[in-house]
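One-letter residues, chain by chain:
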Amino acid sequence: MSASGAEERSSSLRGGARYRRKAVFCPLIKAKVPVVILDYNSFVKQKFFSVILIAALLAGCKFQVDVIEAPTPITVIATVTLLPSVTPLPSLTRIPIFPTSTIVPVEAVASTQVNVRAEPNTASEVLGVLPPKSRVQVIGKDSGGNWWQIQYPSGADGKAWVATEFVALAEAREVPVVGASLNGGNDAVIQQQLNVRSGPGTSFNSIGTLNAQDVVTLTGKDANGAWLQINFAAGPDGKGWVNAAFVKATGVETLPIVGDAGQVIGTGAPVDTPLPPQPTVAPAPLDNDSASAPAINVTLTSSGTRSFQYSSDVSSPTGDAEDWIQFKTFSVNTKLELECTGSGSYIAVLLQNNTVVDNLVCGKIILFLTDPSAVYAVHFVSSPTGSLEYTRFTVRVEAIP
């Protein structure tokens, strides 16, 4: 305690603030009167304390000052954690978008009732029928330009085929070639109406017919290349055989060689497509057909076969002198064509229910009215002249829808 009666304690604060607590002891009231003044330098503090001190001395009071240390402030050390650096993503390279070609459909109109088929040939499945003057959207054509590919909801991938003969474009536009193509593929175009057989030769049964400009897919050939195997839905295992002489095709040399039973037996060397068979001056082999047992008996239907072709030969005075071809048709209009090679000595007639209704001439086409309930027949006879007469003929019949 100092002589003035004031006691002061101080301590160095760690950078913190401090204040003084001052007390005055007065004998009159026998008590300390605490006075707390914040420790800051100011003019007001000095004046105020001076007034208190003078008053206490006059009253005989003792003056006491206590210095109270303020709590040591907690030193906060802030550790700054840097955010991880962001690795920039590689810049994107824009891939150029090339325009894709779009086939613009061309409107076409059916001139008559026409079948809509699954493939571009008359032997394929009939998906439906277009009525006369119905409109369709054409999106392509076959390589021969004889079939239009059209938009058809019930067809495979919404597409089907119709013959260009009966469907005309509403405007002159270029139509792209799609589907079957002779360039680099194993597809072929039939050159004339011909039989499809169950095996590679005329001794095998006829399982259907194809018309000129039908497009087929080749799957094989026989060892000589004279017969070609094709996809044919009505045939055994979906296959059939056609005479190579009546087929326009490329790439025949790459086709596998297929045996009579349908098995692949190897790949043969390229062969030349044989020329159409030439008539030979020899008696025609007997086939023992007759009016009651015709050589073929075909029924044409709107949803199946609507045309057929039959070829054979006759001779006289020896050999097979006559042939009978019988058929029924669904249409009221039918086209019949007769072609012949050889001596030209023959008699050919068309019969309806065993009654002759027309004489036939080789090289001529006739259109005649037909009764769907009637039975028709072609009777072809070699006319004897004393020497050997030989004639090979082909009959083509087509129902006009």
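This text follows the structure it describes.
Keep in mind that what you see is a predicted model, and the values were worked out from it rather than measured.

Quick look at the overall build of the protein
- Secondary structure assignment for the protein yields one helix and 28 strands.
- Considering only residue pairs separated by 6 or more positions, the protein has 65% of its internal contacts joining residues 24 or more positions apart.
- Only carbon and sulfur atoms are counted for the fraction: they give 56% of the accessible area of the protein, which is about 23,000 Å².

Structural notes on the layout of surface pockets
- Put simply, the largest pocket is a space of about 620 Å³.
- For the largest pocket, the lining is made up of 37 residues, of which Asn195, Arg197, Ser206, Ile296 and Tyr310 are closest to its centre.
- Of all the secondary-structure elements, those providing two or more residues to the lining of the largest pocket are strand S12 (194–197), strand S13 (206–210), strand S20 (296–299) and strand S21 (307–316).
- With seven residues, S21 is the largest single contributor of residues to the lining of the largest pocket.
- For the lining of the largest pocket, a count of residues per class yields 13 nonpolar, 16 polar and eight charged.

Things to note about the sheet that holds S21
- On the basis of which strands lie adjacent, the open sheet formed by four strands has the order S21-S28-S23-S26 and antiparallel pairing. Pairing within the sheet leaves two strands with one partner each, and these edge strands are S21 and strand S26 (364–369). Strand-to-strand twist of the sheet, defined as the mean angle between neighbouring strand axes without regard to direction, takes the value 20°.
- Bridging between strand S23 (residues 333–342) and strand S28 (residues 389–399) involves nine bridges; their strand directions are antiparallel. In the sheet register, cysteine 340 faces S28, and the bridge partner there is phenylalanine 393.

Notes on the packing of aromatic side chains
- For the structure shown, the criterion picks out five aromatic pairs.
- Ring geometry for phenylalanine 327 versus tyrosine 376: centroids 5.8 Å apart, planes at 20°, classification stacked. Of this pair, phenylalanine 327 sits in strand S22 (residues 322–328) while tyrosine 376 sits in strand S27 (residues 376–382), and the two are 49 residues apart along the sequence. Considered together, phenylalanine 327 and tyrosine 376 belong to a single accessibility category, that of buried residues.
- Residues phenylalanine 368 and tyrosine 376 carry aromatic rings whose centres are separated by 5.9 Å and whose planes lie at 55° to one another, so their mutual orientation is tilted.
- Under the relative-accessibility criterion, phenylalanine 368 is labelled buried at 12%.
- Given a relative accessible area of 1%, tyrosine 376 falls into the buried group.
- Pairwise contacts between aromatic rings join Phe308, Phe327, Phe368 and Tyr376 into one cluster.

Overview of the state of the cysteines
- By the definition in use, this model includes one disulfide.
- The side chain of cysteine 340 participates in a disulfide bridge whose partner is cysteine 362; the two sulfur atoms lie 1.7 Å from each other. Every disulfide takes its handedness from the sign of the S-S torsion; for cysteine 340 and cysteine 362 that torsion is -65°, giving left-handed. On the criterion of sequence distance, the pair formed by cysteine 340 in strand S23 and cysteine 362 in the loop between strand S25 (355–359) and S26 is long-range, its members being 22 residues apart.

What to know about the pairing of strand S11 (residues 187–190)
- The alternating pattern of S11 places Asp187 and Val189 and Ala188 and Ile190 on opposite faces, both of which are buried.
- Bridging between S11 and strand S14 (residues 215–221) involves three bridges; their strand directions are antiparallel. Across the sheet, the residue bridging to aspartate 187 is threonine 217, located in S14.
- Two strands pair when backbone bridges link them, and S11 and strand S17 (residues 247–249) are joined in this way by three bridges, in the antiparallel orientation. Along S17, the bridge assignment pairs valine 189 with lysine 248.

A few points about the nonpolar core
- Phe327 and Leu336 are the most contacted members of the largest nonpolar core, which totals 24 residues.
- Of all the secondary structure elements, the ones that give two or more residues to this core are S20, S21, S22, S23, strand S24 (346–352), S26, S27 and S28.
- Within the second largest apolar cluster, 20 residues are counted, among which are Val116, Trp147, Phe166 and Val167.

Some remarks on the side chain of aspartate 214
- Secondary-structure assignment places aspartate 214 in the loop between S13 and S14.
- Buried charge without a salt bridge: aspartate 214, with arginine 117 as the nearest opposite-charge side chain at an N-O distance of 7.1 Å.
- Among residues more than four places away in sequence, those in contact with aspartate 214 are Pro120, Asn121, Thr122, Ala123, Trp147, Ala188, Val189 and Ile190.

What to know about the sheet that holds S24
- As summarised here, the arrangement of the five strands in space is S20-S22-S27-S24-S25, forming an open sheet in which the pairing is mixed. Edge strands, defined here as strands with exactly one partner in the open sheet, are S20 and S25. Recorded for the sheet is a direction-independent mean angle of 25° between the axes of neighbouring strands.
- As paired elements, S24 and S25 share four bridges and run antiparallel to each other. Across the sheet, the residue bridging to glutamine 352 is threonine 355, located in S25.

Points about unusual backbone geometry
- Cis rather than trans, the peptide bond between serine 316 and proline 317 has omega equal to 5°.
- Along the chain, proline 317 falls in the loop between S21 and S22.
- With phi around 60°, aspartate 157 is a residue other than glycine that occupies positive phi space.
- If you trace the backbone, aspartate 157 turns up in the loop between strand S8 (147–151) and strand S9 (159–163).
- For glutamine 213, which is not a glycine, the phi torsion comes out positive at approximately 75°.

The rules behind these values
- Residues numbered from 1 in each chain as written.
- Predicted model: local features only at pLDDT ≥ 70, side-chain atom pairs only at ≥ 80, totals over all residues.
- Heavy atoms only, no water.
- Helix = DSSP H or I, 4+ residues; strand = E, 2+ residues; numbered from the N terminus.
- Contact = heavy atoms within 4.5 Å.
- Areas by Shrake-Rupley, 256 points an atom, 1.4 Å probe, with all protein chains shown as cover.
- 1 Å grid on protein atoms, 1.4 Å probe; cavity = no way out; pocket = protein on both sides within 12 Å on 5 of 7 lines; lining within 4 Å.
- Points joined across faces, edges and corners; volume = space filled by probe spheres on them.
- Nonpolar A, V, L, I, M, F, W, Y, C, P; charged D, E, K, R; others polar.
- Pairing = 2+ DSSP bridges.
- Axes fitted to C-alpha atoms, helices over the stretch in contact; angles between N-to-C directions.
- Phe/Tyr/Trp six-rings, centres within 6.5 Å; stacked < 30°, edge-to-face > 60°.
- Buried < 20%, exposed > 50% of the residue type's maximum accessible area, 1.4 Å probe, protein only.
- Disulfide = S-S within 2.5 Å.
- Core = buried A, V, L, I, M, F, W, Y, C linked by side-chain atoms within 4.5 Å.
- Lys, Arg positive; Asp, Glu negative; His and termini not counted.
- Salt bridge = Lys/Arg side-chain N within 4 Å of Asp/Glu carboxyl O.

In short, geometric facts, not functional conclusions.
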